[in-house]
Amino acid sequence: MNKSNSQAQRMPKLYPISDAGYAENLNLNLKRKSREKDVDEEHHFESKADAGASKTYPQQAGTIRKNGYIVIKARPCKVVEVSTSKTGKHGHAKCHFVAIDIFNGKKLEDIVPSSHNCDVPHVNRTDYQLIDISEDGFVSLLTESGGTKDDLRLPTDESLLSQIKSGFEEGKDLVVSVMSAMGEEQICGLKDIGPKN
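Counting of residues starts from 1 at the beginning of each chain's written sequence and follows it residue by residue. Note on the predicted model: pLDDT of at least 70 is required for a residue's local features to be given, and 80 or more for side-chain atom pairs to be given and counted; whole-chain, interface and lining totals, by contrast, use all residues. Only heavy atoms go into the side-chain values, all of them from the structure, while hydrogens and water stay out.

Labelled according to an unreviewed UniProt entry, the chain appears under the name Eukaryotic translation initiation factor 5A, originating from Sesamum alatum. The Sequence similarities (unreviewed entry) comment attached to the chain in UniProt states, word for word, "Belongs to the eIF-5A family." UniProt positions are given in the numbering used here, feature names are shortened, and annotations may be inferred rather than shown by experiment.

Shown next, in the form of structure tokens:
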């Protein structure tokens, strides 16, 4: 076998590409590049205020106690009663939760195997000084940074509502506690810190 024959065997056979074939090849390359660009752009997310923090976290049902929090039927609740029942020979122990919705006061119940995870809401309480009450039932609150928070309504609880209104009318300095969980906020308490100076 001579040298020129072996080179011819190793070299791929080249076919002339017509103008239409070249254009088609160029088109395919452009489409592929645009798809790659789209894929790259899909991974850029805009940051939100909560930095992607979850509204709930998992906790084993058997470890949730009375006065703890739990999510039942997509509502944040405070547990008022827990009872654990043993089932048959190969069954799971089950936890029966009786809880009260922290925002509307409704009683909810759930039965969960004690080894399974339940959703527990992140519940935060923040104190704000009351500045003003508008005629349409919204309150104006002073934040720690010195700004105002004007997106909260007066509470629906009658006794708390009357305490806030009477204290405000008397000109007292009032501090309200705001409970927040799962994207909802509500005034849940009141502290009287004396008359205005």
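**Student:** Explain the overall build of the chain residue by residue, including any values.
**Tutor:** Assigned secondary structure in the chain consists of 3 helices and 11 strands. A helix here means a DSSP run of H or I that spans at least four residues, while a strand means a run of E at least two residues long, and both kinds are numbered starting from the N terminus. Helices and strands in the chain line up, N terminus first, as α-α-β-β-β-β-β-β-β-β-β-α-β-β. Here's how the labels work: a residue is buried when its accessible area is under 20% of the maximum for its type, exposed when over 50%, partly exposed in between, all with a 1.4 Å probe on protein chains only. Classification of the 197 residues of the chain by burial places 27% in the buried group. A sequence separation of at least 24 residues applies to 47% of the contacts in the chain between residues at least 6 apart. Entry remark: accessible area of the chain is about 14300 Å², with carbon and sulfur atoms responsible for 50%. For this analysis, residues touch if any pair of their heavy atoms sits within 4.5 Å. Under the convention used here, a 1.4 Å probe and the Shrake-Rupley method define accessible areas, while residue burial counts only the protein chains that appear.

**Student:** Go over the pattern of salt bridges with me, naming the residues and quoting the values.
**Tutor:** A carboxyl oxygen of Asp or Glu within 4 Å of a side-chain nitrogen of Lys or Arg is what we treat as a salt bridge. What the rule picks out here adds up to 6 salt bridges. Here glutamate 184 and arginine 75 are joined by a salt bridge, their closest N and O atoms 2.5 Å apart. Of the two residues, glutamate 184 is situated in strand S11 (residues 184-195) and arginine 75 in strand S3 (residues 75-85); the sequence distance between them amounts to 109 residues. Take glutamate 184: its relative accessible area is 30%, and that puts it in the partly exposed class. For arginine 75, a relative accessible area of 22% translates into the label partly exposed. A salt bridge links aspartate 151 to lysine 149; the shortest N-O distance between them is 3.4 Å.

**Student:** Which residues make up the side chain of serine 180, and what values go with them?
**Tutor:** Within the secondary structure, serine 180 is located in strand S10 (residues 172-181). Judged by its relative accessible area of 17%, serine 180 is buried. Residue contacts for serine 180: discarding those within four places in its chain leaves Phe103, His122, Val123, Asn124 and Glu185.

**Student:** Now, about the pairing of strand S8 (residues 138-142): what can you tell me, with residues and values included?
**Tutor:** When DSSP locates at least two bridges between a pair of strands, those strands are taken to pair. Pairing between strand S7 (residues 124-133) and S8: 4 bridges, direction antiparallel. Pairing of glutamine 129 across the sheet is with leucine 142, part of S8. Linkage of S7 to S8, two consecutive antiparallel strands, is achieved through a turn of 4 residues, within which glycine 137 is found at a positive phi near 90°. One ladder, built from 4 bridges, connects S8 with strand S9 (residues 148-153); its direction is antiparallel. What sits directly across from phenylalanine 138, in S9, is arginine 153. From the end of S8 to the start of S9, which pair antiparallel, there are 5 residues, and glycine 146 there has a positive phi angle of about 100°.

**Student:** Residue-level account of the side chain of threonine 56, with values.
**Tutor:** Its place among the elements puts threonine 56 in strand S1 (residues 56-60). For threonine 56, a relative accessible area of 18% translates into the label buried. With near-sequence residues (within four places) excluded, threonine 56 lies in contact with Val71, Asp119, Val120, Pro121, His122 and Met182.

**Student:** Would you mind going over unusual backbone geometry in detail, with residue names and values included?
**Tutor:** Positive phi is not limited to glycine here, since lysine 73 has a value of about 50°. When you line up the elements, lysine 73 lands in the loop between strand S2 (69-72) and S3. Residues other than glycine seldom take positive phi values, yet alanine 74 does so here, at roughly 60°. Topologically, alanine 74 is positioned in the loop between S2 and S3.

**Student:** For the nonpolar core, give the residues involved together with the corresponding values.
**Tutor:** Core analysis: the biggest nonpolar cluster contains 14 residues, and Leu130, Val139, Leu141, Ile164, Val176, Val178 and Ile187 have the highest contact counts within it. Among the secondary structure elements, those contributing two or more residues to this core are S7, S8, helix H3 (158-169) and S10. Setting aside residues no more than four positions away along its own chain, valine 176 makes contact with Thr126, Asp127, Tyr128, Leu141, Ile164, Ile187, Gly189 and Leu190. Only buried residues count toward a nonpolar core. Its members are Ala, Val, Leu, Ile, Met, Phe, Trp, Tyr and Cys residues joined through side-chain atoms within 4.5 Å. Counting 13 residues, the second-largest nonpolar core is a separate cluster that includes Ile64, Ile72, Val79 and Cys118.

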